[in-house]
Amino acid sequence: MIWFVLALLTGVAVLSLLWPLSRPAPQPRQDAADVAFYRAQIAEIDAELLRGAIDKEQAEAAKALAARRLLAAAPEENVVVVESTRTKRIAAVLAIVVIPAVALGLYGRIGRPDLPDLPRDARRATEAGMDIGAAVAKIEAHLAGHPEDGRAYELVAPVYLRMGRFDDAVSARERAIALLGDTPERRVRYAEALAFAADGVVTPEAEEQIRRALEIDPKYLEARYFLGLAAAQREDVEAARKIWSDMISELPADSPAAKAIAEKLALLDSPGQRGPMAPGAESPGGVSAPSAAAAAAVAAQPRDEQQKTIRAMVERLAQRLAAQGGGAEEWMRLIRAYKVLNEPDKAQTALADAQTALKGDAASQAKLGLLAQELGLKQ
Amino acid sequence: MTRKQKRLTLIFSALGLLGAAVGIVLFALRDNVVFFYGPTEMTEKQVGPGQRLRIGGLVKPGTLVHLEGKRITFSVTDGRNEVPVSYTGLLPDLFKEGQGVVAEGALDKAHVFRADSVLAKHDERYMPREVADALKKQGVWQEEGGKAGSGANK
Amino acid sequence: MIDEVGHYALVLALALAVMQMILPFWGARARDARLMALARPAALAQFAFVALSYAALTYAHVVSDFSLANVVENSHSTKPLIYKISGVWGNHEGSMMLWALILTLSGAAMAAFSRAIPPRLLADALSVQGCLGVAFLLFILLTSNPFARLSPAPMEGNDLNPILQDPGLAIHPPLLYLGYVGFSIVFSLAAGALIGGRIDAAFARFIRPWTLAAWCFLTLGIAMGSYWAYYTLGWGGFWFWDPVENASLLPWLSGTALLHCAAVMEKRDALKIWTIFLAILTFSLSLLGTFLVRSGVLTSVHSFASDPQRGLFILGILVLFIGGSLFLFMLRAPTLSQGGLFAPISREGALVVNNLLLTASCAAVFVGTLYPLALEAWNGDKISVGAPFFNLTFGPLFAPLALLMPIGQNLAWKRGDLLAALQRLWFAAACGLAAMLAFYAAQGAPVTAYVGAGVAIYLIVGAFVEIFNRIFPAGLRASKNVASRASGLPLSAWGTAIAHAGLGVTLLGLAASGWGAEKIVSMKTGEAYDVGPYQLSVVAMTAAPGPNYREAIAHMSVSRNGAVVAMIEPSKRFFTTRRMGVSQAGIVTLNFGQIYVSIAEQNDNGAVDARLYWKPLVSLIWLGALAMAFGGGLSLADRRLRVGVARRAARISGASAPAAG
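What you see is a predicted model, and the numbers here were worked out from it, not measured in a lab.

**Digging into the overall build of chain A**
If you tally the helices and strands in chain A, you get 18 helices and zero strands. In chain A, which comprises 379 residues, the proportion classed as buried is 46%. The contacts of chain A with a sequence gap of at least 6 include a subset with a gap of at least 24, amounting to 54%.

Below is the structure:
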């Protein structure tokens, strides 16, 4: 279907030139324009004379001048307007060959005829995925009118997290606690949002929230998990191990949560090996929160549309950088993205690639070094 | 006047006018140009009080103080050095701690930069060019939107 | 499929542009009428395909098709419809599409409405226009493709920069581009005439309507842009001497010079070389403006792109076209014959002075705009050249223009009588002086304000002196045939007078800014604050949700001598998607002056920080620009009907000649 339309368009373009070519050539007089111009000028002189702006003598002089100019301007060349069948044929062949060749040649390189249109309404009708943006906008509008509705803040906070609006998630969690009261669950969610906002680092501020959750319920599992994570990030391996081991002993052995924690524990024991680790694992230096939190959470976050999209975009960026290279900013974006998607090995590889690709660019190397430090990657 | 004289009159008046124009431009360029410095350059170049200039950098987090009567003070930093700035007036919409800013004014005797205008960056992605350059020079330039989630979304 | 059809149509337009570049040029060399005539259908078809492509892009924005990267980056599904449409050109790729659309529209207009132009000149000119089309379409397709796809497509977009979500943006760029790119017609005709080597008075006749049309659009575009900056940026300023603004002022100045110079060339066959040079210069400055804005060399409010690849590409286009045309110019200029002679004191002489002053002020702005860039490239020093520089250079160069303008209008062609012209202007000069004294008595200092206002009044009155003398050639007492004389005046005479008076009106608005008042206060509800002759007080603060933002509105009353004369509602909007606040200034117009209020967020103690301005007569700045554009339009209407009018005049003169004789 699309090729049919494109072929049709090409045909129209070619015909727009062929059709006038096929008709007899117009035969305008070369000097028609000049004659018209000077005739108009003489008429103007007459009008001025009539108005009394110039006297008769001046008018005659001006007219004589215009007439002289007309004679001077009349080109002799206008006689030789040729019309050859040969040039007509060559022009026709050029139109038939060049237009499709240029169009298809270029379009073949940059076009994506395989991709369908995706207008938003049609997508919403076909794809079951809820429209996050609209829902959020609705809740925000509601909150603008009812700023005391804590439930709404609680509802919108996880969506903010998924949309990457971490600061909004933090303030929503904060409002929820203020409006709905203190529970360990809310404190942990608040801490989680803080950690997201800090690129996965359990900040002292977040840790404070965890401690307050544990003050209310010392056995609260998720809070303890985060406490362990914070310890691990501080490289306080012993403390982390103790917290997590205790948790495992309390959980049913084959529960997903226990398994996830066991995996974490195993990582603590081999801090040196950061390169070829299984996906889902991370180094103790800089832990990315998304899947860490998800692993510990009783129900892991479903990989929704948004997540898939991000992954695909990251992959495309990676392919493009591999194929065509790119600037330091792009490489850094890729490395960060892998880190947050919890693929540290890929992040490590990307870092190495970036360092090779940007070799000789001291400023970029320094930036990469800083980034590696920040994310806890091996340089 | 003869044809030649007319032509010469015309040419000389044109040249005279152009000469005057060039003179005015050069004169104005000498006195009405404002230099742009980052905080480090300001320290290096030993800028004296009273010289008009523009400074740019990031608003150092935690330094923004609102005083009486819409007076505010903050520090502009490029990661190495910082300059205290005081300003009276309304801040632009996008003025935020940790964000890029350009201020125009002069140093006073106490080495506080008295700004009479403050410009903030104009959208999420835009950093004033001078600020970006100054920060790059100091090696503290970071890509904006450090959060990878939003970074990958772009 | 619509996306890809739009993409393909753009590629096809490029192919057609290639043909338009080659075939007519070849035809003109081979003197083949049929090949030369191909320029017309090629230009029309090229425009049709770019328009189709543009429509497809607009459709994608309207239905929020997030499989296009351009839509993702600059749109959002909750954005109001009008900003979905105007958002198409609110970003780099889209604005280049608009540029290409108007470029091809110009080519099509030239092809459709230039039956009077000799075929060879038209063929060469359209070939040059095709060359421009190739360059810019290649630029779009290779470096700034708005049809780049994303797969899989995200569910939501990043939204348009809130500052750009404004009705002003919906009108400003198209008008500005119609002006910028409209000059491409003049450029192509000049280049075509240089290639063909035939340049005479008739040439000026061909370029005048296009120059006039482009100039009108550029005037409107600049005025609109200035008003937009005035009410969105919240600083109360209307002209910042920002490089981007200067970039639009440069072609306006040289375009104004061209307009006047072409008149001399048409009437008197003089100043040919100069006219051709200005035709090239004007569009070159448009190209330079595009380069400055689009390459990211300057980063300011208007710059949405900064990519060295793009910059180099546009620089290449710039060098190719400016260099190429100047080379042609150098080659041909010495062969041009001398035109009509004139005395230094004559209408022509006055127009030469006008041209010199305009180009000199253009050069001053040019230096001020590019000097910082050159200096930075040279030794890395960063400087900014601000308003003081431009006030000091542009002012003295532009001021004599204002004084001389009415005098020039009253000089005769070829040899003028300066004394007579001055005598005719005594009334205008008296009005100006009286106004100056009156303003001094009423408003007082600063000097620039009342002197400027006096000059402005002199300009406005002086603009109509010539018309007055044509209607009442023997003074007011001999008022015979007044009606017939008035209706017999060509529209272009009225157009000239109105446009010149428009400049006076703008000047009056500018001068009056000296009497303005400005203050920054922390406003508490219920208390009154003086600004100029008015008192403002906050009545209430309310919050309201918008389609894609939240808004806090301050309702204020404006009163004078105790009576409330208006309400004003400045607000602060917060756009959630981009997490960015934008002030919406509250503006109310009172007797051509404006009260202008912009607010910050509400303080903890309930007061709201606000900037209050009283700007007397400020609206005249833009009304004057409107008058200039209207005057231009009036002349244009005359010009189009010129042939018919001339014929009628000839018939009348023929009929009445025996009676008179």
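There's more to say after this.
**Considerations on the overall build of chain B**
Scanning chain B from N- to C-terminus turns up four helices and seven strands. The order of helices and strands in chain B, counted from the N terminus, is α-β-α-β-β-β-β-β-β-α-α. In chain B, which comprises 154 residues, the proportion classed as buried is 46%. Within chain B, contacts between residues at least 6 apart in sequence are counted, and of these 51% link residues at least 24 apart.

**Side note on the pairing of strand 5 (residues 82-88) of chain B**
All names here are of chain B. Across seven bridges, the pairing between strand 4 (residues 71-77) and strand 5 is antiparallel. Directly across from arginine 71, in strand 5, lies its bridge partner threonine 88. Connecting strand 4 to the next strand, strand 5, in antiparallel fashion are four residues, including glycine 79 with a positive phi near 100°.

**As for the packing of aromatic side chains**
Taken as a whole, this structure holds 32 aromatic pairs over all chains when the rule is applied. With 5.8 Å between their ring centres and 75° between their planes, Tyr225(A) and Phe226(A) make a pair best called edge-to-face. Both residues of the pair, Tyr225(A) and Phe226(A), count as buried. Between Trp99(C) and Tyr180(C) the ring centres are 6.4 Å apart and the planes differ by 75°, which places this aromatic pair in the edge-to-face class. In this pair, Trp99(C) is assigned in helix 6 (residues 92-113) and Tyr180(C) in helix 8 (residues 167-196), connecting sequence segments 81 residues apart. A single burial state applies to Trp99(C) and to Tyr180(C), both of which are buried. Three or more aromatic residues joined by ring pairs make a cluster, and in this case those are Tyr227(C), Tyr230(C), Tyr231(C), Phe238(C), Tyr596(C), Tyr613(C) and Trp622(C). Looking at Arg347(C), its charged tip hangs above the ring of Trp413(C), at a distance of 5.2 Å from the centre.

**Some words on the confidence of the model for chain B**
Predicted coordinates in regions of low pLDDT should not be interpreted in detail. All names here are of chain B. Predicted confidence across chain B gives a mean pLDDT of 72, with 73% of residues reaching 70 or more. Summarising per-element confidence for chain B, the mean pLDDT is lowest in helix 4 (residues 148-153) (29) and highest in strand 5 (87). Of the regions scoring below 50 in pLDDT, residues 122-126 engages in 20 contacts with residues more than four places distant in sequence or in other chains. Predicted complex metrics record ipTM = 0.82 and pTM = 0.75.

**Looking at the interface of chain A and chain C**
Across the contact, 77 residues belong to chain A and 72 residues belong to chain C. Counting each side, the surface lost to burial between chain A and chain C is near 6700 Å², with a carbon and sulfur contribution of 66%. Summed over the shared surface of chain A and chain C, the number is zero salt bridges. Along the contact surface separating chain A from chain C lie eleven residue pairs in polar contact (both at pLDDT 80 or more).

**Structural notes on the sheet that holds strand 10 (residues 593-602) of chain C**
All names here are of chain C. Taken in spatial order, the four strands make up an open sheet running 2-11-10-9, and their pairing is antiparallel. For this open sheet the edge positions go to strand 2 (517-523) and strand 9 (586-590), each flanked by a neighbour on one side alone. Across the sheet, the mean angle from the axis of one strand to that of its neighbour is 15°, orientation sign disregarded. Bridge count between strand 9 and strand 10: five bridges; the pairing is antiparallel. Paired with isoleucine 587 across the two strands is tyrosine 596, which belongs to strand 10. On the sheet, helix 9 (residues 201-232) packs against strand 9, strand 10 and strand 11 (608-615) and is oriented at approximately 45° with respect to strand 10.

**Brief notes about a nonpolar patch on the surface**
A cluster of nonpolar side chains, namely Met1(A), Phe4(A), Leu8(A), Val12(A) and Met1(C), defines an oily patch on the protein surface of about 540 Å² accessible area. With respect to the secondary-structure elements, Leu8(A) resides in helix 1 (residues 2-22).

**Looking at the pairing of strand 4 of chain B**
Residues and elements named next belong to chain B. Burial within strand 4 is extensive, with five of its seven residues counted as buried. Summarising the sheet, strand 2 (residues 52-59) and strand 4 pair through two bridges and their orientation is antiparallel. Within strand 4, the position partnered with valine 59 by the bridge is valine 76.

**Focus on the pattern of salt bridges**
Residue and element names in this part refer to chain C. For the structure shown, the criterion picks out 25 salt bridges over all chains. Where glutamate 348 meets arginine 268, a salt bridge forms, and the shortest distance between an N and an O atom there is 2.5 Å. Highlighted residues: glutamate 348 in helix 13 (residues 347-379) and arginine 268 in helix 10 (residues 243-268), separated in sequence by 80 residues.

**Comments concerning helix 17 (residues 344-357) of chain A**
Residues and elements named next belong to chain A. Its 14 residues give helix 17 an end-to-end C-alpha distance of 19 Å, which sits within 8% of 20 Å, the value for a rise of 1.5 Å per residue. Every buried residue of helix 17 is listed here: Pro344, Ala347, Gln348, Ala350, Leu351, Ala354 and Gln355. Each buried residue of helix 17 sits inside an arc of 165° when the element is viewed along its axis, so together they form one side. Buried residues along helix 17 sit against helix 16 (328-340) and helix 18 (362-375).

**Concerning the packing of helix 9 (residues 184-197) of chain A against helix 11 (residues 221-233) of chain A**
All names here are of chain A. One way to put it is that helix 9 packs onto helix 11 with a least axis distance of 9 Å and a crossing angle of 35°. Crossing angle aside, the handedness with which helix 9 passes helix 11 is left-handed. Along the contact surface, helix 9 presents Val188, Arg189 and Glu192, while helix 11 presents Glu222, Ala223 and Phe226. Along the lines of polarity and charge, the residues of the contact of helix 9 with helix 11 split into three nonpolar, no polar and three charged.

**Notes on the nonpolar core**
Grouped together as the largest cluster of nonpolar side chains are 175 residues, with contacts concentrated most on Ile99(A), Leu189(C), Phe203(C) and Leu253(C). Apart from the residues lying within four places of it in its own chain, the contact partners of Phe203(C) are Leu121(C), Leu189(C), Ala190(C), Ala193(C), Met265(C) and Ile276(C). The next biggest cluster of nonpolar side chains, apart from the first, holds 46 residues, and it includes Val170(A), Ala172(A), Val188(A) and Ala257(A).

**Topic: helix 11 (residues 272-294) of chain C**
Side chains that are three or four residues apart share a direction in an α-helix, a result of its 3.6 residues per turn. Across its 23 residues, helix 11 of chain C extends 33 Å between first and last C-alpha, which sits within 8% of the 33 Å expected from 1.5 Å per residue. Counted residue by residue, helix 11 of chain C has 19 buried out of 23 residues, so it is predominantly covered.

**Details of the confidence of the model for chain A**
The pLDDT averaged across chain A works out to 75; a share of 78% of its residues lies at or above 70. Predicted confidence is poor over residues 271-303 of chain A, with pLDDT under 50, and the contacts of this stretch with residues over four places away or in other chains come to 59 contacts.

**Examining the packing of helix 6 of chain C against helix 7 (residues 119-143) of chain C**
Residue and element names in this part refer to chain C. Packing of helix 6 against helix 7 brings their axes to within 10 Å, and their N-to-C directions diverge by 165°. Judged on the interaxial angle alone, helix 7 and helix 6 are roughly antiparallel. Pair helix 6 / helix 7 crosses with left-handed handedness. Of helix 7, the residues touching helix 6 (which contributes His92, Met96, Met97, Trp99, Ala100, Leu103, Ser106, Gly107, Met110 and Ala111) are Leu122, Ala125, Leu126, Gln129, Leu132, Gly133, Phe136, Leu137, Phe139 and Ile140.

**What to know about the environment of Ala135(C)**
Relative to the assigned elements, Ala135(C) resides in helix 7. Leaving out residues up to four positions away in the same chain, Ala135(C) has contacts with Phe313(C), Ile317(C) and Phe321(C).

**Some words on the side chain of Ser598(C)**
Here Ser598(C) shows up in strand 10. With near-sequence residues (within four places) excluded, Ser598(C) lies in contact with Leu90(B), Gly234(C), Ala585(C), Asp609(C), Ala610(C) and Arg611(C).

**So, the environment of Ala36(A)**
Along the chain, the position of Ala36(A) falls in helix 2 (residues 32-51). Sequence spacing of Ala36(A) and Leu70(A) is 34 residues, and the spatial spacing of their C-alpha atoms is 9.9 Å.

**Thoughts on the environment of Ala67(A)**
Looking at where Ala67(A) falls in the secondary structure, it is placed in helix 3 (residues 56-73). Distance from Ala67(A) to Leu143(A), taken between C-alpha atoms, is 81 Å for residues 76 residues apart in sequence.

Reading the values: rules and limits
- Residues numbered from 1 in each chain as written.
- Chains lettered and ligands numbered in written order.
- Predicted model: local features only at pLDDT ≥ 70, side-chain atom pairs only at ≥ 80, totals over all residues.
- Heavy atoms only, no water.
- Helix = DSSP H or I, 4+ residues; strand = E, 2+ residues; numbered from the N terminus.
- Buried < 20%, exposed > 50% of the residue type's maximum accessible area, 1.4 Å probe, protein only.
- Contact = heavy atoms within 4.5 Å.
- Pairing = 2+ DSSP bridges.
- Phe/Tyr/Trp six-rings, centres within 6.5 Å; stacked < 30°, edge-to-face > 60°.
- Lys NZ or Arg CZ within 6 Å of the ring centre and 35° of its normal.
- pLDDT = per-residue confidence, 0-100.
- Buried area = accessible area lost by both parts, 1.4 Å probe.
- Salt bridge = Lys/Arg side-chain N within 4 Å of Asp/Glu carboxyl O.
- Polar contact = N/O pair within 3.5 Å; in protein donor to acceptor, adjacent residues only side chain to side chain.
- Axes fitted to C-alpha atoms, helices over the stretch in contact; angles between N-to-C directions.
- Patch = residues over 30% accessible without salt bridge, like charges linked within 9 Å, V, L, I, M, F, W, Y side chains within 5 Å.
- Areas by Shrake-Rupley, 256 points an atom, 1.4 Å probe, with all protein chains shown as cover.
- Expected span 1.5 Å × (residues − 1).
- Arc of directions from axis to C-beta.
- Left-handed = near helix turned anticlockwise from the far one by under 90°.
- Nonpolar A, V, L, I, M, F, W, Y, C, P; charged D, E, K, R; others polar.
- Core = buried A, V, L, I, M, F, W, Y, C linked by side-chain atoms within 4.5 Å.
- Parallel < 35°, antiparallel > 145°, perpendicular 65-115°, else oblique.

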